[in-house]
Each structure stands twice: as structure tokens, then as C-alpha cells.
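Single-letter residue listing:
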Amino acid sequence: MWGRRVSAIAGFVVTVFLTFLGLLAITFFIGRVIPIDPVLAVVGDRATNAVYEAARVQMGLDQPLPVQFFRYVVGVFTGDLGRSVSTGRSVVEDISRFFPATLEMATIGIIIGVVVGVPLGVIAASRQGSWIDQIIRIVGLLGYSMPAFWLGLVGLALFYARLRWVGGPGRLDIFYDGLVSPVTGLLLVDSLLAGEFDIFFNAITHLILPASVLGFFSLAYIARMTRSFMLDQLNQEFVTTARVKGVPERVVIWRHAFNPIRVQLITVIGLSYAGLLEGSVMIETVFSWPGIGNYLTTALLNADMNAVLGSTLVIGAVFIFINKISDVLYRVLDPRAR
């Protein structure tokens with residue numbers, strides 16, 4: 001029994017390592033084929049040939065590709081992703097500053113998506129063809145078709161500029177900025193740890209609108225997939241048998257039909273969460289949110305390849321991590337997968 005567990009853990013670690021190594025190879029290849037010269041981004045387009053060549057040698061770009069890739073892998077595993085041209089700081093330091101802001105917003109967004117989207121999908125399936133089902137399907141369609149930047153701008157114009165229900169762009173009002181020392185990087189957590197409840201509630205007013213916009217797109221996808229999974233289960237014979245036996249409809253829906261789709265929903269929620277973490281660029285731009293998407297966009301505009309590759313690597317690692325967590329949850333919820 002213990003041998004099986006050790007083998008399973010070893011296989012898990014090897015799979016994660018090989019997947020991450022493949023991700024490193026892809027990011028390295030992307031950095032070498034895109035038409036951006038990282039040397040020019042450092043020395044400028046008016047530098048002499050001597051300065052250009054000296055910078056190229058210093059950056060190791062004169063070495064063969066296998067040597068460059070080996071140095072890149074060693075740098076990643078030792079926590080060295082290079083220095084950002086845009087900020088002048090190390091890329092690891094920049095990511096540790098910007099990624100928690102995206103993590104905070106995406107986490108609130110996926111919570112909204114799950115808490116609202118799953119019940120909506122179940123209700124729509126249990127009332128297939130009714131007006132409630134039609135309204136929920138329209139909400140899902142809007143979530144798929146509505147541009148994120150447009151919805152964000154409308155939200156700012158209505159709830160911030162006109163109604164004053166929420167805070168404006170950014171994570172905090174300007175006079176609160178810098179008053180809380182970063183511990184986790186998550187502003188809500190750090191403000192509570194510091195006992196700064198005014199800053200905590202101010203951060204919530206700024207976070208609620210961009211997180212709700214992300215949550216809307218997430219709940220549209222989750223509700224649609226939940227509805228599809230539930231319709232398939234509600235047409236199964238064991239559900240019909242439970243109804244014939246007189247089992248209450250609420251029990252039929254939430255126990256007999258919903259329990260089997262939990263494993264499928266883990267995949268949907270995991271992919272949705274990863275998508276929010278890497279796909280919030282437009283929302284971060286509209287709301288001036290200092291997250292990884294905004295950082296990556298600025299790096300691309302400035303031809304800052306170290307920052308671009310570092311951000312891409314972190315986003316890819318998040319996908320790998322979430323997928324592996326989903327695999328673990330499969331085995332917890334479904335004994336057949338163990």
C-alpha cells in the first residue's frame with residue numbers, strides 16, 4: 001500500500017517537473033523567434049556597434065542556443081529571471097509585487113462565478129424550457145459575447161462616476177497608498193493583519209467592481225456548463241427511478257443528479273480560474289489595476305523580454321498547478337479515479 005503511494009507521489013512529481021520543463025522550452029523558444037531584439041531594448045537604437053556587441057556578449061546571446069537554454073533553465077530554478085528594462089528591478093521582484101493583485105481580483109471573481117453560476121445552471125436545467133431557463137441562457141450568452149473592456153467602462157461610468165457606489169480605478173484611494181506594509185501582497189489580507197480596517201473597506205470598494213466584471217464572465221461559462229451537465233444527468237434512468245419512488249424533487253436534483261457532475265465541474269472551475277488569472281489584461285487596463293496582465297502589457301510595449309518571458313512562465317506555472325490540484329480533487333471526490 002505504501003509502495004503504491006510512494007510510486008504515485010513520485011509519478012506526480014516527475015510529471016510536474018517534465019511539464020514545467022516543457023513550459024520552459026516553449027517560453028525560451030518564443031523569446032528567440034519573436035521579432036524583438038532584447039539587446040536594442042537595453043542599449044537603445046542609437047548605440048554603436050561596439051556597445052551593442054558588448055551588451056550582446058554580457059547577456060549571453062552570443063552563445064549557442066543549447067547553452068543559452070541551459071543557462072535559462074538554471075536561472076529559473078535558482079530564482080533568477082533577469083532584470084526588467086521597464087522598471088529596473090529584477091523580474092522576480094516585479095512579479096511578487098504585481099501577481100498578488102491579479103490573484104486577489106481573480107479569486108474574488110471565481111468565488112462570484114461559482115456561488116452564482118452553479119445554482120443558476122442547476123435551476124436552468126431543472127426548469128428546462130421555462131422562462132427562467134431562457135433568462136439564464138440569455139445571461140450566459142451575454143457573458144460570452146459582451147466585450148470585457150466595454151462592460152468595465154460601463155460599470156465605471158454607472159457605479160463609480162454616477163452612483164458613487166464603488167471606488168474608482170486602482171487598488172486604493174491615493175491617500176491610503178503605501179500605508180500598509182506588504183506581507184502577502186494581498187491587500188485585503190495585509191490590511192487586516194495590520195489592523196487597518198479603513199484601508200480594508202476602501203480596498204473592497206475598489207475591488208468589488210473589477211472582480212464582479214470578471215465574475216460575470218466566469219459565472220456565464222460555469223452556469224452554461226453546469227446546465228449542460230445537469231441535463232445529461234436528469235435524463236438518466238436512476239433519476240427517473242428516484243422520482244418514481246417519490247423522492248422529493250430537491251433531493252433528486254441536488255443529491256442524485258448534482259453529485260455525479262462534481263468531478264466535471266472541478267475541471268470547468270479550474271480552467272475558468274486559470275483563465276481569469278491570465279486573461280484579465282483588459283480589465284486591469286480599464287481599471288488601472290496593478291496586476292500581472294498590466295505588467296505584461298507594459299513589458300510587451302517596451303520590448304522588455306525578460307519581463308515578458310517571466311510573466312508568461314508564471315502564468316503557465318499557474319495553469320500546471322491548477323490542473324494538478326484538479327487531478328488530486330478528482331481522486332478525492334471519485335474513488336474510481338484512485
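Relevant structure appears above.
Here the structure is a predicted model, which means the values were calculated and not measured.

Engineer: Could you clarify how one ought to interpret the packing of helix H10 (residues 237-244) against helix H11 (residues 249-257) in this entry?
Structural biologist: Each packed pair of helices is defined by two parameters, the angle between the axes and the distance between the axes. The geometry of H10 relative to H11 is characterised by a closest axis approach of 10 Å and an angle of 155° between their N-to-C directions. Taken together, the axes of H10 and H11 are roughly antiparallel relative to one another. In the crossing of H10 with H11, the sense of the turn from one axis to the other is right-handed. In this structure, H10 contributes Phe238, Val239, Ala242 and Arg243 to the contact, and H11 contributes Glu249, Val252, His256 and Ala257. The residue makeup of the contact of H10 with H11, split by class, is five nonpolar, one polar and two charged.

Engineer: Quick question: what am I supposed to make of the pattern of salt bridges here?
Structural biologist: Opposite charge on two side chains allows them to pair when their charged atoms are near. Overall, the coordinates contain five salt bridges when judged by the stated rule. Glu93 is the salt-bridge partner of Arg97, the closest N and O atoms lying 3.4 Å from each other. In this pair, Arg97 and Glu93 are both assigned in helix H5 (residues 91-126), four residues apart and thus about one turn of the helix distant. In this structure, Arg171 engages Glu104 in a salt bridge whose closest nitrogen and oxygen atoms are separated by 2.8 Å. Of this pair, Arg171 sits in the loop between helix H7 (148-162) and helix H8 (187-193) while Glu104 sits in helix H5, and the two are 67 residues apart along the sequence. The pair formed by Arg171 and Glu104 is uniform in burial state, with each residue classed as buried.

Engineer: In this structure, what is going on with helix H6 (residues 131-145)? I would like to understand it.
Structural biologist: Since the α-helix packs 3.6 residues into each turn, any two residues three or four apart lie on the same face. Compared with an ideal rise of 1.5 Å per residue, which puts 15 residues at 21 Å, H6 spans 21 Å between its outermost C-alpha atoms and is within 8% of the ideal. Taken residue by residue, H6 has Asp133, Ile136, Gly140 and Gly143 as its buried positions. Within H6, the buried residues cover an arc of 85° as seen down the axis, which keeps them to one side. Exposed side chains of H6 directed beyond 90 degrees from the buried face belong to Trp131 and Leu141. Where H6 is buried, its residues contact H5 and helix H9 (197-234).

Engineer: Even after reading the chapter, I still don't get the nonpolar core, so can you show me in this structure?
Structural biologist: The nonpolar side chains of a soluble globular protein tend to be buried with one another. Ile95, Met230 and Leu313 are the most contacted members of the largest nonpolar core, which totals 74 residues. Looking at this core element by element, the count peaks at 15 residues for H9.

Engineer: Hey, could you run me through the packing of H5 against helix H12 (residues 262-278) in this one?
Structural biologist: Remark: H5 packs on H12, axes separated minimally by 9 Å, with the N-to-C direction vectors making an angle of 145°. As H5 packs across H12, the resulting crossing turns out to be right-handed. On H12, the residues touching Phe99, Thr102, Leu103, Ala106, Thr107, Gly109, Ile110, Val114 and Val118 of H5 are Leu265, Ile269, Ser272, Tyr273, Leu276 and Leu277. Of the residues contributing to the contact of H5 with H12, the split by class is eleven nonpolar, four polar and no charged.

Engineer: Before we go on, may I ask you to explain the packing of aromatic side chains in this structure?
Structural biologist: Within a pair of aromatic rings, the relevant descriptors are the distance that separates the centres and the angle that separates the planes. The final tally for this structure, using the stated rule, is nine aromatic pairs. Between Phe200 and Phe201, the ring centres sit 5.3 Å apart and the planes meet at 75°, which makes this aromatic pair edge-to-face. Classification of Phe200 by relative accessible area gives buried; the value is 15%. One residue, Arg164, lies across the ring of Tyr160, its end atom 5.1 Å from the ring centre.

About the thresholds
- Residues numbered from 1 in each chain as written.
- Predicted model: local features only at pLDDT ≥ 70, side-chain atom pairs only at ≥ 80, totals over all residues.
- Heavy atoms only, no water.
- Axes fitted to C-alpha atoms, helices over the stretch in contact; angles between N-to-C directions.
- Helix = DSSP H or I, 4+ residues; strand = E, 2+ residues; numbered from the N terminus.
- Parallel < 35°, antiparallel > 145°, perpendicular 65-115°, else oblique.
- Left-handed = near helix turned anticlockwise from the far one by under 90°.
- Contact = heavy atoms within 4.5 Å.
- Nonpolar A, V, L, I, M, F, W, Y, C, P; charged D, E, K, R; others polar.
- Salt bridge = Lys/Arg side-chain N within 4 Å of Asp/Glu carboxyl O.
- Buried < 20%, exposed > 50% of the residue type's maximum accessible area, 1.4 Å probe, protein only.
- Expected span 1.5 Å × (residues − 1).
- Arc of directions from axis to C-beta.
- Core = buried A, V, L, I, M, F, W, Y, C linked by side-chain atoms within 4.5 Å.
- Phe/Tyr/Trp six-rings, centres within 6.5 Å; stacked < 30°, edge-to-face > 60°.
- Lys NZ or Arg CZ within 6 Å of the ring centre and 35° of its normal.

Function cannot be inferred from these measures alone, as they are strictly geometric.
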